[in-house]
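Secondary and tertiary structure notes
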Amino acid sequence: MTLKVAVQMDPIERINIRGDSTFALLLEAQARRHALAYYTPDKLAMRDGRVFATVCPLKVRDSEGDHFTLGEARRAELTEFDVLLLRQDPPFDLNYITTTHLLERVHPKTLVVNDPAHVRNAPEKIFVTEFSDLMPPTLLTRDLAEIKAFRAEHGDIVMKPLYGKGGEAVFLVTREDPNFASLHDFFSATFREAWVTQKFLPAVRQGDKRIILVDGEFAGAVNRVPAADDIRSNMVRGGAAKATELTPRERDICARLGPALRERGLLFVGIDVIDGWLTEINVTSPTGIRAIKNLGGPDIAAMVWDRIEARRR
């Protein structure tokens, strides 16, 4: 089976191919002889209800600094593709939301992974609250009185943007931290929406586990251990990738989430678990599959393409 595959992503020249899950998916697709085309979100257009993009044929190589070649750009209607990978990073802003509305016009005739309507309706730090019993105490608000009351109850807290990514602007605020009021002012001036305030989990220093689910089933995991001088475990922030196994609690979390992910067409998902507590469900462009394979784990890119191909038969 040869598929015509388009990928909507951030500029390919900027990615770190050693850790980028999108790149792993593209390498696997190319190895299966699927025809690849690439475009960035700003190249989307809808005219009279039909969705187009200026795309370039794409070849990829696992070679840092020389990892891609683009062919001649052309205007293409997206329904000519069999599969479209929606893989742009947050921020999950109105531009991102607009792209999901456009891609919803071509799905499922063109299989969009993940389903754009459900990507739009499942912001990663909001969707997770549907499973609040699996989470640490969590507050979404801009209201200073609410945050003060939460801090008084739980002591050390973490504050982070609701629509951020990769550990950006994540702060630990201790019970007696004199910078709390200034940090609240900073968040108020910087973010128009509510932000996340969460009870700090000291066990994050032993790692924040990224667990990948493919079509609602556990596929692999990596433990991301923060640097000694940071609470953020994201590998782009200096977190170290360590091999890991799932605990019974983590397997229960996967079992709880699986049906909801399948129902929503969220085929490729990454969840974050700290000390047995679910903190995020990442549905936009989850990372981790290259680290998992490099540590001797399964080839999750192959698992994703097995599922995609099964749906296109």
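The present account deals with the structure reproduced in this document. (Residues numbered from 1 in each chain as written. Predicted model: local features only at pLDDT ≥ 70, side-chain atom pairs only at ≥ 80, totals over all residues. Heavy atoms only, no water.)

So, the overall build of the protein
- When its secondary structure is counted, the protein shows 9 helices and 17 strands.
- Radius of gyration (C-alpha) of the protein: 20 Å, near the 20 Å computed for a compact globule of 313 residues.
- Judged by the C-alpha coordinates and their principal axes, the protein covers about 60 × 45 × 40 Å.
- Here the protein holds 313 residues, and the buried ones make up 52% of them.
- Summarising the internal contacts of the protein: among those between residues at least 6 apart in sequence, 67% fall at separations of at least 24.
- Carbon together with sulfur atoms contributes 48% to the accessible area of the protein, which is approximately 14200 Å² in total.
- If you average the places of the 43 positive and of the 44 negative side-chain charges in the protein, the two averages end up 4 Å apart. (Helix = DSSP H or I, 4+ residues; strand = E, 2+ residues; numbered from the N terminus. Rg over C-alpha atoms; globule rule 2.2 N^0.38 Å. Buried < 20%, exposed > 50% of the residue type's maximum accessible area, 1.4 Å probe, protein only. Contact = heavy atoms within 4.5 Å. Areas by Shrake-Rupley, 256 points an atom, 1.4 Å probe, with all protein chains shown as cover. Lys, Arg positive; Asp, Glu negative; His and termini not counted. Charge placed at Lys NZ, Arg CZ, Asp CG, Glu CD.)

Structural notes on the environment of His 118
- Tracing the chain through its elements places His 118 in helix 3 (residues 116-120).
- The spatial distance from the C-alpha of His 118 to the C-alpha of Ser 188 is 28 Å, given a sequence separation of 70 residues.
- Contact partners of His 118, with chain neighbours within four places excluded, come to Arg 264 and Leu 266.

Section: the pattern of salt bridges
- Tallying each qualifying case throughout the model produces 23 salt bridges.
- Between Glu 130 and Arg 264 there is a salt bridge, and its shortest N-O distance comes to 3.2 Å. Of this pair, Glu 130 sits in the loop between helix 4 (124-127) and strand 9 (138-141) while Arg 264 sits in the loop between helix 7 (248-263) and strand 16 (268-274), placing them 134 residues apart in sequence.
- In this structure, the salt-bridge partner of Asp 208 is Arg 224, at a minimum N-O distance of 3.4 Å. On the criterion of sequence distance, the pair formed by Asp 208 in strand 13 (residues 208-214) and Arg 224 in strand 14 (residues 217-225) is long-range, its members being 16 residues apart. Side by side, Asp 208 and Arg 224 carry an identical accessibility label, which is buried.
- Within the structure, one salt-bridge network assembled from shared partners comprises Arg 18, Asp 62, Glu 64 and Arg 290. (Salt bridge = Lys/Arg side-chain N within 4 Å of Asp/Glu carboxyl O.)

Some thoughts on the side chain of His 184
- Tracing the backbone shows His 184 in helix 6 (residues 180-190).
- His 184 sits in the buried class, given a relative accessible area of 9%.
- Residues contacting His 184, with those up to four places away along its chain left out, are Arg 142, Asp 143, Leu 144, Ile 147 and Trp 195.

Side note on the environment of His 67
- Tracing the backbone through its elements, the reader meets His 67 in the loop between strand 4 (50-60) and strand 5 (68-70).
- Assessed through its relative accessible area of 6%, His 67 is described here as buried.
- Only 2.9 Å separates the side chain of His 67 from the backbone oxygen of Ile 12, close enough to count as a polar contact. (Polar contact = N/O pair within 3.5 Å; in protein donor to acceptor, adjacent residues only side chain to side chain.)

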